[in-house]
Structures are given as C-alpha cells and as structure tokens.
Amino acid sequence: MTDEVSRNERIKEASDYLRGTLSAGLRDEITGAIVEDDQQLVKFHGMYLQDDRDLRPERTRKKMEKAFAFMIRVRIPGGVVTSQQWLMLDQLARIYGNGTMRMTTRQTVQLHGVIKSNLRATIKAIDSVLLNSIAACGDINRNVMCNPNPNQSRAHAAAQDLARVISDHLLPRTPAYREIWLEGQRIAGGEEEVTEPIYGKTYLPRKFKIVVAVPPSNDVDVLAHDLGFIAILDDEEIKGWNVAVGGGMGMTHGERDTYPRIADVIGFCETKDVLAIAEAVVTVQRDWGDRKNRKHARLKYTIEDHGLNAFRAEVERRANVKLAPAQPFTFTSTGDRYGWNDSADGNSHLTLFVQNGRLRGGQMAALRKIAQEHKGDFRITPNQNLIIANIPAEKRSEIHSLAKAAGLLSPWSGLRRNSMACVALPTCGLALAESERYLPKLLDALEARLAARGLSSDDIVIRMTGCPNGCARPYLAEIGLVGKSPARYNLYLGAAFNGSRMNKLYAEDLDHDGIVAALDPIFAAYAAGRRKGERFGDFAIRAGYVMASGNGRDFHANVDGKTELAAI
Ligand code: HEM
Ligand code: SF4
C-alpha cells in the first residue's frame, strides 16, 4: 500500500464529473476501444469495454485489434419494466447486441456485444422508453434491488416504492450522461460548475449496492450488499425497516485480507428516516472508505476497520436519527416462487425459469409474443429469472402455452431450480474459468447423481462464478463453485438455505470429474442421514464436511482444520 490515492481516484478527480474524453473517444474510428482512463469512467455510464476472449488467439495471430465491444447494463430499480420497455430491450439486443439478453443477479438486463459506433443509438433508444444505464456500474450507488413480487400485499408495493425513491435520491447529478449519449454536445449552461451534493467530485471509493427485502423471502440476498433495508411487518403493513450494513462478496484467491462478508443488522428505523439513513451510510463510506487500495475499499472493510459501533454512531449523527433496536424477522429462502401466483385483484403472475439469466432465439421470440399481447409488466428477479406479472384470467392459458413451448417453465430438478452462474467467458475480462457456459453441463452430471440418491426434487442452492469476485453470490450458496484457473474450481459448502450464513472452502482446484466425485458421497450421506427438513448446507456442517463459516476476516479461518466426520 502507498500513501497515494489509487489511479482510479485521480481519473475521477480529473474527469470533470465523469466526462473525461468520452465524447472524443466515441468519434475516433481507428479503434473499437476507448482510452484507458475513459474505460474506468464509462462504467459510471453503465458500460464496460470488453472483448470476445474466444476470438483473442486468432486475432492475435492475424495481428488484428481485439474484438472490442461494450456491455450495457440497464438500470431497473426493483427489476420492473413495462411490456413496451421489454420489447425495446429485446429489439436492441437483436439489432445492436449479440442477439441475447442477459438478466442479472441484481435485477438488471445486460446487452452484450454492442460496438462503439452503435453505443449512442442504443442509449438513445433505451432513453426513448424512459430507461437508462446511469450508474449501473462504477464507484457509485448502483441498481437498487427489491423483492419483485407484484401486488402480493401492500407491503410489497411499499417496498418497491422505497427502492425507487432510494434509487432516485442517490443518482449522480452530473449532466455528463445526457451530454455524451443523448445530446451529443455540452448542454447549454453546462459550463457552470455542477455539484454532486452527495458524492462530491470523486464519487465513492468503490461500488455501492443497496437492496430492500420483504421477509420471509430473502430473494435479494440482503446480507450480500453494502446496505439493506429489511421490512418489518405488522400484518400487511410496514412498521419500519431493519438496517443491514457491510455485506459484499468479492475476494482474491490467496489473499486472506480480502474476504466476502455478510452484513450486520445495526438497528431499526421508520420509513420517514430511510433516506436520511441511506444517505448517511453512503457519505460515511465516501469519507471513511479506503481510496488508496481498491481491494480494501468496499464498505465491508471500512466497517471491519472502524468497528461497527463507531460506524453506527457516525451514521446516526449524520442522519440525525437514533436507530431503535433491530426487530425480529425470519427469512425462509433466497429462491423464487416458480409458477403461477395470484393476487387479490384477480390477476395472476407467472414466474419463469431462465437458465443463468441468458435469453436467446426461441425464448426471446416467445417473450416478444407475450410482450406484444400482454398489458401487465415484466419483473426480473434477483435469481436471474423473469416474472410475467398482472396477467388477467383470460390470458393465462395462452401465456402458459407460449412459456411452456419455449422451455421457460420451472424444471423438475431442485438443484437446477436453485442455480445461478455469472457471465464469465467469453465477455468478462476477469474470468479465470467458464461459468454460465459450463454450469448447465455440470448440473446434468450432478442431477444424475442426485437422482440415484432419490434427491431429484430437493431444493439445493448451487452457484458458480468464473472468478472470486462473486457476481453470482457463490459464498452464500449451499454448493459454491468459484473459478480458479481454466476448468478448475474451488468448492465451498455449508451456507444456509435462507442466505443467513456463508459457506466455507471444502476442496480446491477441482476439475469436472473432481467436483462430481467430491459431491457424490456427500449427496449419498445426506440422503441416508439427514434429519427431517434438514437442508443440505446445514447437513454439510453437522456431518463435519466443513465448519460453520465465520464472518468477515474469519471467513478463511479453520479451513484446514476440518472437523472429524461426525457419526451421522
Ligand atoms: C470486485 C468485485 C467485482 C468485479 C471487479 C466485478 C466485475 C464484473 C464484470 C466485469 C462483469 C461483466 C461480466 C459480463 O457481463 O461480461 C460483472 C458482472 C456482474 N456482476 Fe460483478 N464484479 C464484482 C463483484 C460483484 C458482486 C459481489 C456482485 C453481486 C453481489 C456482482 C454483480 C454482478 C452482476 C449482477 C453482473 C451481471 C451478470 C450476472 O448476473 O452475473 N459483481 N461483474
Ligand atoms: S464473478 Fe468474476 S468471472 Fe464472473 S462475471 Fe464477475 S468478474 Fe466476471
């Protein structure tokens, strides 16, 4: 570590509120890329410069530039879009993207493969349906997540409203996005100094993620994020919110001072105080967060370094709100409620299964047909799935048939129903191993083993990522697989089914056969020895395969000192 702030801090400072040289870079036709500093800034506009890693060897051989293209992540608070917005995203994916749509673990839609010369047209089209990609990536508050269940109760509607209000409150104020992507020029009056009252010139030290949870569902994985609000219900009404701070998944292999961490619940506040608390948490992190070392810059490290009590006191001081003691709540699962659910107004909602959130060809066509007919909305779940919401009775059977024919109904396998994978190869520059393209094959093999043990329909949470950054929240999965090198994964076991405890490293550097060979005997032992209702993650601990995970720094502790296999 040095005394100097990190390079990204200087880029932000010099960027004139996120403008950098992006406008000029877009006009440069010699390259499909943009200059390095702008590559950092463009994230704040919801885009990543990527290249197709499958094509790298061939293009290097031919002395060609990498196959550059951008990923655009659309900002969708609470995951709710109208049919019209869905149709636009679908069209853009086909015209300007790589023909696929990617639903993400944070309730957004990503378009991959948009080349530089099409960026403006794509963003303009997104804007024409009242969506945008501002602050979908970068060192700033990103998409605010929320349980997407439509009109299930007044509490769910209130939670969705809250997510939108928080999202709006924490948007950046800079006109850079409009100037660069929509107007194509500096807006009149834009010479005046803009201010970012919440963020300041250098925004946050690192990414910042907020979610709103409605128990008993923990579909948003509230403890995995920097800041979470957990609804405390009195019947159907919201009494207020427990506040959770300091969650985050990313770590680096072999660096024990980096670790995933689950959030601490620090107290309870009323709805009227939520924005003040959210803003205070953000500004304390802005001022206390580490701006020298980006691997130590998330809120989770700020809290570990300063201590939870000092952090809570500073938040209370800045918000001018005294948090009450946290109130009791119970989470049952992190999964989605697949299939049909009805609400009191007579409408129904159909939760579809989208494998790893990736939609292509026939499935996109089926959803297009549904969107053309359907007057309700589309809701992206935190598990990379999709809800067709508010379907009137007379449309039920038609929509059901279309979804069924496209293979979008929930699968029979309890493991697949509860599976997620990050994107990884070929687009993610950080991937060490395959994820989205490999998990379905691994599931085929594991399903055969589970079937042999009579466990086919048991819900077991499995998540895979191509590197330890943790985009699919693998450390909160009962079976977590994290890419280590090409075709090799670390295997983590023992997380809680409801997202309240992380898993622990069980085995390293496993290839496909190694993963199956490691899990098969544990499946057998689980089938033979589980207690009534005992979840796979809880069993893995009781049976001594791993110890219960500690939080934060303790995540790495005792990995080598596995308990002796207990008598089952
Ligand atoms: C240091 C940590 C991280 C870095 C550097 C990072 C970087 C990236 C990159 C480059 C992508 C683009 C991949 C592609 O679409 O081609 C991505 C995707 C994504 N990341 Fe992260 N990420 C980090 C941690 C996380 C964490 C902890 C979460 C969530 C809890 C998260 C959520 C996502 C989501 C939702 C996507 C979209 C694709 C998906 O659903 O997997 N990221 N990340
Ligand atoms: S977990 Fe790693 S490989 Fe997967 S999308 Fe995130 S950064 Fe890329």
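Quick note: structure is the one above.
Here goes a summary of the coordinates provided. Being a predicted model, the structure only gives us computed values, none of them experimental.

## With respect to the overall build of the protein
Link 1 in the chain: Each helix and strand counted, the protein has 17 helices and 20 strands in total.
Link 2 in the chain: Expected size for 568 residues packed as a compact globule is a radius of gyration near 24 Å; at 23 Å, the protein falls within 12% of this value.
Link 3 in the chain: Overall, the C-alpha framework of the protein stretches about 70 × 60 × 55 Å when taken along its three principal axes.
Link 4 in the chain: When the 568 residues of the protein are sorted by exposure, 59% land in the buried category.
Link 5 in the chain: Put simply, 69% of the contacts in the protein that link residues at least 6 apart link residues at least 24 apart.
Link 6 in the chain: Summing over all exposed atoms, the protein offers an accessible surface of approximately 22200 Å²; the carbon and sulfur share of this is 49%.
Link 7 in the chain: Considering the protein, the positive charge centre built from 75 side chains and the negative charge centre built from 69 side chains are found 3 Å apart.

## Here's the deal with the coordination of the iron atom of ligand 1
When a metal holds four donors in a tetrahedron, each ideal angle between them is 109.5 degrees; when it holds six in an octahedron, the ideal angles are 90 or 180 degrees.
Link 1 in the chain: Protein coordination of the iron atom of ligand 1 rests on one atom only, Cys471 (SG), at 2.2 Å.
Link 2 in the chain: By secondary structure assignment, the location of cysteine 471 is in the loop between strand S17 (462-465) and strand S18 (479-485).

## A word on the sheet that holds strand S2 (residues 68-74)
Link 1 in the chain: Taken in spatial order, the five strands of this open sheet run S1-S2-S5-S4-S13, and their pairing is antiparallel. The sheet is open, and its two borders are formed by strand S1 (47-51) and strand S13 (358-359), each paired with just one other strand.
Link 2 in the chain: Sheet topology places strand S4 (residues 101-103) next to S13; two bridges connect them, and they run antiparallel. Paired with methionine 101 across the bridge in S13 is leucine 359.

## Points about the pairing of S1
Within a regular beta strand, the side chains point alternately toward one face of the sheet and then the other, so they alternate between its two faces.
Link 1 in the chain: Counting buried positions along S1 yields four of five residues, so the element is predominantly enclosed.
Link 2 in the chain: Inspection of the sheet shows S1 paired to S2 by five bridges, in the antiparallel sense. Residue aspartate 51 lies in a different strand from S2, and its bridge partner there is phenylalanine 68.

## Structural notes on the site of ligand 2
Link 1 in the chain: In the neighbourhood of ligand 2, the contacting residues comprise Cys422, Ala424, Cys428, Leu430, Ala431, Thr465, Gly466, Cys467, Asn469, Gly470 and Cys471.
Link 2 in the chain: The class makeup of the residues in the shell around ligand 2 is seven nonpolar, four polar and no charged.

## A short note on the nonpolar core
Link 1 in the chain: Trp86, Trp181, Phe229, Ile277 and Leu367 are the most contacted members of the largest nonpolar core, which totals 100 residues.
Link 2 in the chain: Once you skip the residues sitting within four places of it in the chain, phenylalanine 229 turns out to touch Ile166, Ile210, Val211, Val212, Ala213, Val222, Trp241, Asn242, Val243, Val274, Ile277 and Ala278.
Link 3 in the chain: By size, the runner-up hydrophobic cluster in this structure holds 34 residues, among which are Leu415, Ile460, Leu493 and Val516.

## Notes on the sheet that holds S17
Strands in a sheet are paired, the pairing made by backbone hydrogen bonds, and the direction either parallel or antiparallel.
Link 1 in the chain: Strand order across the open sheet formed by five strands is S16-S17-S18-S19-S20, with mixed pairing between neighbours. Looking at strand neighbours, the two that pair on one side only are strand S16 (419-421) and strand S20 (504-510), the edges of this open sheet. Each strand axis lies, on average, 15° off the axis of its neighbour in the sheet, ignoring direction.
Link 2 in the chain: In terms of strand pairing, S18 meets strand S19 (residues 488-493) through six bridges, oriented antiparallel. What sits directly across from serine 485, in S19, is arginine 488.
Link 3 in the chain: In the packing of helix H16 (residues 512-529) onto the sheet, contacts are made with S18, S19 and S20, and the angle to S20 comes to roughly 145°.

## Quick word on the pattern of salt bridges
Link 1 in the chain: Scanning all chains against the criterion turns up 47 salt bridges.
Link 2 in the chain: Close ionic contact of aspartate 444 with arginine 416 constitutes a salt bridge, the shortest N to O distance being 2.7 Å. Taken together, the positions of aspartate 444 in helix H15 (residues 439-452) and arginine 416 in helix H14 (residues 414-417) put the pair 28 residues apart, joining distant regions of the chain.
Link 3 in the chain: Within this structure, Glu9, Lys12, Asp139, Arg291 and Arg294 form a network of salt bridges that share partners.

## Looking at the side chain of serine 333
Link 1 in the chain: One can find serine 333 in the loop between helix H11 (308-319) and strand S11 (339-342).
Link 2 in the chain: Here the side chain of serine 333 touches glycine 335 through a polar contact of 3.2 Å, landing on its backbone nitrogen.
Link 3 in the chain: Excluding anything up to four places from it in sequence, serine 333 contacts Pro216, Ser217, Asn218, Asp219, Phe497 and Asn498.

## Section: the site of ligand 1
Link 1 in the chain: In the region of ligand 1, 24 residues are neighbours, and Gln110, His112, Lys207, Thr427 and Cys471 sit closest.
Link 2 in the chain: Within the side chain of arginine 102, an N or O atom sits 3.1 Å from an oxygen atom of ligand 1.
Link 3 in the chain: At a separation of 3.3 Å, a nitrogen atom of ligand 1 approaches a polar side-chain atom of lysine 207.
Link 4 in the chain: Among the elements of the structure, S1, S2 and strand S5 (109-114) are those that each provide at least two residues to the shell around ligand 1.

## Observations concerning the packing of helix H7 (residues 154-169) against helix H9 (residues 274-288)
Link 1 in the chain: Contact geometry of H7 with H9 gives a least axis separation of 11 Å together with a crossing angle of 45°. With respect to each other, H7 and H9 are oriented oblique. At the point where H7 passes H9, the crossing takes the right-handed sense. From H7, Leu162, Val165, Ile166 and His169 reach across to H9, where they touch Val274, Leu275 and Glu279.

Conventions adopted
- Residues numbered from 1 in each chain as written.
- Chains lettered and ligands numbered in written order.
- Predicted model: local features only at pLDDT ≥ 70, side-chain atom pairs only at ≥ 80, totals over all residues.
- Heavy atoms only, no water.
- Helix = DSSP H or I, 4+ residues; strand = E, 2+ residues; numbered from the N terminus.
- Rg over C-alpha atoms; globule rule 2.2 N^0.38 Å.
- Buried < 20%, exposed > 50% of the residue type's maximum accessible area, 1.4 Å probe, protein only.
- Contact = heavy atoms within 4.5 Å.
- Areas by Shrake-Rupley, 256 points an atom, 1.4 Å probe, with all protein chains shown as cover.
- Lys, Arg positive; Asp, Glu negative; His and termini not counted.
- Charge placed at Lys NZ, Arg CZ, Asp CG, Glu CD.
- Donors = N, O, S within 2.8 Å, 3.2 Å for Na, K, Ca; no water.
- Pairing = 2+ DSSP bridges.
- Near = heavy atom within 4 Å.
- Nonpolar A, V, L, I, M, F, W, Y, C, P; charged D, E, K, R; others polar.
- Core = buried A, V, L, I, M, F, W, Y, C linked by side-chain atoms within 4.5 Å.
- Axes fitted to C-alpha atoms, helices over the stretch in contact; angles between N-to-C directions.
- Salt bridge = Lys/Arg side-chain N within 4 Å of Asp/Glu carboxyl O.
- Polar contact = N/O pair within 3.5 Å; in protein donor to acceptor, adjacent residues only side chain to side chain.
- Parallel < 35°, antiparallel > 145°, perpendicular 65-115°, else oblique.
- Left-handed = near helix turned anticlockwise from the far one by under 90°.

As far as function goes, none of this settles anything; it's purely spatial.
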